[in-house]
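Examination of the molecular architecture
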Amino acid sequence: MTETLTALPASVREVFQTVVARNPHEPEFQQAVHEVLVSIAPVLDEHPQFVDGGILERIVEPERQIMFRVPWVDDAGRLQVNRGYRVQFSSVLGPYKGGLRFHPSVNLSIVKFLGFEQIFKNALTGQGIGGAKGGSDFDPHGRSDAEVMRFCQSFMSELYRHLGEHTDVPAGDIGVGAREIGYLFGQYRKITNRHESGMFTGKGVQWGGAEVRTEATGYGAVFFAEEMLRIHRRSLEGLRVSVSGSGNVAIYAIDKAWQLGATPVTASDSSGYVVDDDGIDVALLRQVKEQERARISEYAARRPNARFVDGARPWEVPVDVAIPSATQNELDESDARALIDNGVRAVAEGANMPSTPGAVAALQGAGVLFGPGKAANAGGVATSALEMSQNASRQRWSFSDSERKLRSIMKDVHDAAFEAADRYGHGGDYVVGANSAGFERVAHAMLAQGVI
Ligand code: NDP
Ligand code: 2IT
């Protein structure tokens, strides 16, 4: 990252140098911090008290980082050892909140970049939730249900002591869906002897989960795209949309794109992508990915006009709107150029940090509407906060009520980012807007609460 140092304003350069020196082997964390520091320079110019109060030096250092051994026994009777993480970044606005990721690539850098971004995303929702992230390098792919259960039980046997409805409230992320959340919650309940609904979100709707939480991130990303287009007096009606991934976020982004009159034409996984000019069949995609846990090529094998492209990413397919919904740095500068050459109008990030800095610069430079993950995928965690409210008040809201709330939250998130970008002299730049609006809320609260 050193080559980008010169791009940093003097007010934040030293802080970033310290981050690099202190976290030398954490490129994703450095990337996430760099993006925020660059974009909040105008906020610091206007609020010297944030600099004087040491907000930056404090916010880049997690309040607490937990790393632990996760031993378990596989179906063949062999001992396996994974590493577990929870990085509790900031509780200034509320209990720590953020997902758990189970994927072989998980390491401290990944968990810290996700936890850092979560602070500002959660602040942007306007709800009282702090920022955290966790997970493990455990790979659920190809594991039996019994193995996943034993892993989750071992993972929670350590993590439970750091959680609680007023302390830290995890949820899902890559590799952690309904099945894993069930096993994790069950083990917490057993160890603590408390049915503490509010200590986890994304629970099954039969046992304390909120309607629309499953759909919320994908739906929210499409609502965000719709809001960006609305400013330019356009709608999603009749547009072609590409989505990457085929997990929780991607499936419901595809579902909502259809509902709003667009045609989603791609889905992907780590093996490649499928393009279906008839539009992605959501029921078949769910059958292949949610029920059978099969590879995405299975989808193409069962659809007459769909094609599987081995080992590639979907950004070469001509579309009007792109919704990257798989993983970090999955859309690079050359992908962005391909999208631009094919006339893309809007990109809304369903995933966390899916676009590289070069891709973001290229898209914004070409005048493409760009909704960063902190804003565009905030619907997931915002609906988690709705789940916490329902748990605390022992209420259950209907699907349609919850979806209406989600839509209104996404409009508010959009408007907060749009308004902040304007106010700081970067009209239309949702990266500056989202980072500034989120940072302002966190920084004011940190100043008010003193040096802790
Ligand atoms: P899932 O595990 O449900 O799905 C992840 C999808 O992305 C899978 O199709 C997976 O393919 C693909 N993928 C994962 N890693 C890679 C990789 N290295 N290269 C290519 N493809 C990959 O996760 P989610 O849908 O929940 O999460 C997707 C993204 O959205 C993540 O960035 C997550 O942080 C973000 N997000 C999730 C929220 C949520 O509520 N779940 C909320 C906000 C953001 P394969 O199966 O082959 O690995
Ligand atoms: O990245 C995210 O916002 C999530 N994985 C969801 C976090 C949450 O607590 O719902």
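Now for a look at the structure at hand. All chains use their own residue numbering, which begins from 1 and follows the written sequence. For this description, chains carry letters from A and ligands carry numbers from 1, given in the order in which they are written. The predicted origin of the model limits local features to residues at a pLDDT of at least 70 and limits the giving and counting of side-chain atom pairs to 80 or more, whereas totals for whole chains, interfaces and linings rest on all residues. The basis for every side-chain value is the complete set of non-hydrogen atoms in the structure, without hydrogens or water.

1. Some points on the sheet that holds strand β4 (residues 131–136)
- Two strands are counted as paired when DSSP detects at least two bridges linking them. Here a helix means four or more residues in a row that DSSP labels H or I, a strand means two or more in a row labelled E, and each is numbered from the N terminus. Taken in spatial order, the five strands of this open sheet run β1-β2-β4-β3-β5, and their pairing is mixed. Every interior strand has two partners, whereas the edge strands, β1 (64–73) and β5 (168–171), have only one. Across this sheet, the average inter-strand angle for adjacent strands is 20°, counted without regard to direction.
- Throughout, a contact is declared for two residues whenever any of their heavy atoms are within 4.5 Å. Orientation is described by axes fitted as lines to C-alpha atoms, over the contacting stretch for helices, and by angles from 0 to 180 degrees between their N-to-C directions. Docked against the sheet, helix α7 (residues 145–159) engages β1, β2 (79–90), β3 (96–102) and β4, running at close to 140° with respect to β1.

2. Remarks on the site of ligand 1
- Near ligand 1 there are 25 residues, and of these Asp-173, Thr-217, Ser-270, Arg-295 and Asn-352 occur at the shortest range.
- At a separation of 2.9 Å, an oxygen atom of ligand 1 approaches a polar backbone atom of Val-249.
- Secondary-structure elements contributing two or more residues to the shell around ligand 1 are α9 (213–231), α10 (248–259) and β8 (266–269).
- Across the shell around ligand 1, the residue classes break down as four nonpolar, 15 polar and six charged. We call a residue near a molecule or strand when any one of its heavy atoms sits within 4 Å of it. Polar contacts, as used here, are pairs of N or O atoms within 3.5 Å; protein pairs need one atom able to donate a hydrogen and one able to accept it. Residues neighboring in sequence count only if both atoms are side-chain atoms. When residues are sorted by character, Ala, Val, Leu, Ile, Met, Phe, Trp, Tyr, Cys and Pro go into the nonpolar class, Asp, Glu, Lys and Arg into the charged class, and all the rest, Gly among them, into the polar class.

3. Quick word on a nonpolar patch on the surface
- Patch building starts from residues that exceed 30% relative accessible area and form no salt bridge, then joins like charges within 9 Å and nonpolar side chains (Val, Leu, Ile, Met, Phe, Trp, Tyr) within 5 Å. Areas reported here follow the Shrake-Rupley algorithm with a probe of radius 1.4 Å; residue values treat only the protein chains shown as occluding. Every case where a carboxyl oxygen of Asp or Glu lies within 4 Å of a side-chain nitrogen of Lys or Arg is listed as a salt bridge. Taken together, the side chains of Val-73, Leu-79 and Val-81 present a nonpolar region at the surface, about 270 Å² in accessible area.
- With respect to the helices, strands and loops of the structure, Val-81 is situated in strand β2.
- The class of Val-81 is exposed, set by a relative accessible area of 52%. Three exposure classes are used, based on accessible area relative to the maximum for each residue type with a 1.4 Å probe and protein chains only: buried under 20%, partly exposed in between, and exposed over 50%.

4. Some words on the packing of helix α1 (residues 10–22) against helix α2 (residues 27–39)
- Interhelical geometry of α1 versus α2 gives an angle of 175° and a closest axis separation of 10 Å. It follows from the interaxial angle that α1 and α2 lie roughly antiparallel. Of the residues in α2, those in contact with Val-12, Val-15, Phe-16, Val-19 and Val-20 of α1 are Phe-29, Gln-30, Val-33, His-34 and Leu-37.
- When the residues that make up the contact of α1 with α2 are grouped by side-chain class, the tally is eight nonpolar, two polar and no charged. Angles below 35 degrees are treated as roughly parallel, those above 145 as roughly antiparallel, those between 65 and 115 as roughly perpendicular, and all remaining angles as oblique.

5. Quick look at the site of ligand 2
- Taken together, 14 residues lie near ligand 2, and Lys-97, Gln-118, Lys-121, Lys-133 and Ser-384 sit nearest.
- Side-chain polar atom of Lys-97 to an oxygen atom of ligand 2: 2.6 Å apart, as the coordinates give it.
- A distance of 2.9 Å is found between an oxygen atom of ligand 2 and a side-chain nitrogen or oxygen belonging to Gln-118.
- Computed on the free molecule, ligand 2 has an accessible area of 300 Å², of which 94% lies beneath the protein chains in the complex.
- Looking at the shell around ligand 2, the elements with two or more residues in it are β3, α6 (108–124) and α16 (378–393).
- For the shell around ligand 2, the class distribution of residues is two nonpolar, seven polar and five charged.

6. Some remarks on the environment of Gly-134
- Tracing the backbone shows Gly-134 in strand β4.
- Exposure remark for Gly-134: the relative accessible area of 1% places this residue in the buried category.
- For the pair Gly-134 and Met-67, spaced 67 residues apart in sequence, the C-alpha to C-alpha distance is 9.3 Å.

7. Overview of the environment of Gly-131
- Tracing the chain through its elements places Gly-131 in strand β4.
- Sequence separation of Gly-131 and Gln-118 is 13 residues, and the distance between their C-alpha atoms is 4.9 Å.
- Beyond its immediate sequence surroundings of up to four residues, Gly-131 is in contact with Val-87, Gln-88, Phe-89, Ser-90, Tyr-96, Lys-97, Gly-115, Gln-118, Ile-119 and Asn-122.

8. Some thoughts on the pattern of salt bridges
- As enumerated under the stated definition, the model contains 36 salt bridges in all.
- Linking Lys-256 and Glu-403 is a salt bridge whose minimum nitrogen-to-oxygen distance equals 2.6 Å. Placement of Lys-256 in helix α10 and of Glu-403 in helix α17 (residues 399–423) is noted, with a sequence separation of 147 residues between them.
- Ionic contacts of the salt-bridge type, sharing partners, join the residues Glu-226, Glu-227, Arg-230 and Arg-407 into one network.

9. A closer look at α6
- The span one expects for a helix is its residue count, reduced by one, times 1.5 Å. The end-to-end C-alpha distance of α6 is 25 Å, a good match for the 24 Å that 17 residues give at a rise of 1.5 Å each.
- In this analysis the local bend is the angle between axes fitted, respectively, to the seven residues ending at and the seven residues starting at the residue. In the structure, α6 departs most strongly from a straight axis at Gln-118, where the bend amounts to approximately 25°.
- The buried count for α6 comes to 17 of 17 residues, which makes it a mostly enclosed element.
- Positioned one or two residues after α6, Gly-126 has a phi angle of 80°, which is positive.

10. Comments concerning the environment of Pro-71
- The topology assignment puts Pro-71 in strand β1.
- When the C-alpha atoms of Pro-71 and Phe-155 are compared, they prove to be 8.2 Å apart, with 84 residues separating the residues in sequence.
- When residues no more than four places from it in sequence are discounted, the contact partners of Pro-71 are Gln-80, Val-81 and Ser-154.

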